[in-house]
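A structural walkthrough
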Amino acid sequence: MIVKQLSIFIENRSGRLHEVFKALGNSGVTIKALSVSDTSDFGILRLIVTNPDKAAAILEKEKFTVHLNDVFMIAATDLANGLGSALEVLAEEGISIEYMYAFACVNKEIVVMRTDDPMKTVALLREKKIETLGNDFLASYQ
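This section reports on the structure supplied with the text. Residues take numbers from 1 onward in each chain, read along the sequence in its written order. In keeping with the predicted nature of the model, local features appear solely for residues at pLDDT of at least 70, side-chain atom pairs appear and are counted solely at 80 or more, and the whole-chain, interface and lining totals rest on all residues. Side-chain figures throughout are based on the complete set of non-hydrogen atoms in the structure, without hydrogens or water.

1. Overview of the environment of L6
Only DSSP runs of H or I with at least four residues qualify as helices, and only runs of E with at least two residues qualify as strands; both kinds are numbered from the N terminus onward. Relative to the elements of secondary structure, L6 occurs in strand β1 (residues 2–11). What makes L6 buried here is its relative accessible area of 0%. Measuring from C-alpha to C-alpha, the distance between L6 and D41 comes to 19 Å, with 35 residues separating the pair along the chain. Contact partners of L6, with chain neighbours within four places excluded, come to L45, R46, L47, V49, P52, A55, A56, L59, V66, H67 and L68. Between buried and exposed lies partly exposed: a residue is buried under 20% and exposed over 50% of the maximum accessible area for its type, with that area taken using a 1.4 Å probe on protein chains only. Residues are treated as being in contact if the distance between any of their heavy atoms lies within 4.5 Å.

2. Examining the pattern of salt bridges
Side chains that carry opposite charge are capable of pairing whenever their charged atoms lie near each other. Any carboxyl oxygen of Asp or Glu that lies within 4 Å of a side-chain nitrogen of Lys or Arg is treated as forming a salt bridge with it. Summed over all chains, the structure comprises 5 salt bridges. With its nearest N and O atoms 2.5 Å apart, the salt bridge here joins R16 to E19. Here the residue R16 and the residue E19 both occupy positions in helix α1 (residues 16–25), the gap between them amounting to 3 residues, near one helical turn. A residue is classified by how much of its surface remains accessible, and R16, at 8% relative accessible area, is buried. For R114, the salt bridge identified is with E98, shortest N-O distance 3.0 Å.

3. Looking at the packing of helix α3 (residues 79–93) against helix α4 (residues 118–127)
In this analysis an axis means a line fitted to C-alpha atoms, helices contributing only their contacting stretch, and an angle means the value between N-to-C directions, from 0 to 180 degrees. At a minimum axis distance of 10 Å, the contact between α3 and α4 shows a crossing angle of 120°. When the axes of α3 and α4 are compared, the pair comes out oblique. In this structure, α3 meets α4 at a crossing whose hand is right-handed. Contacts between α3 and α4 pair A86, V89, L90 and E93 from the former with K120, T121, L124 and L125 from the latter. In this classification, Asp, Glu, Lys and Arg are treated as charged, Ala, Val, Leu, Ile, Met, Phe, Trp, Tyr, Cys and Pro as nonpolar, and every other residue, Gly included, as polar. Residues belonging to the contact of α3 with α4 are distributed by class as follows: 5 nonpolar, 1 polar and 2 charged. Note on terminology: angles under 35 degrees are roughly parallel, angles over 145 are roughly antiparallel, angles of 65 to 115 are roughly perpendicular, and the others are oblique. Crossing handedness follows the turn of the near helix against the far one: under a right angle anticlockwise gives a left-handed crossing, and clockwise gives a right-handed one.

Shown next, in the form of structure tokens:
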């Protein structure tokens, strides 16, 4: 269950983040989750959206540098234990986590994760009965 995530590189200057949201605001694209990280010169805005290809095209038209990355999502009702179980599986298999972030949903927390081998990671997690989520979840998540 691979999901496409947008990684948008933005300059660290006032108003630039607003420009991203303004561009997507009336597009029909719904932002489901986000994460922002920064360095001294630029930030990386990561978005999970309902239509990543459309969002990427809109942002590229506005002169943003956008990359689509493969990520996956897992569901946990208890992050310490649920996420802990998933992390144990990855550690045992030597899979490296590049980054992760979480968001709350009704009755569960969702963790978005990127590893060095997303397809292998999803297969391992599913084998261990750890719930992975995909685009069907995003379409139904209100």
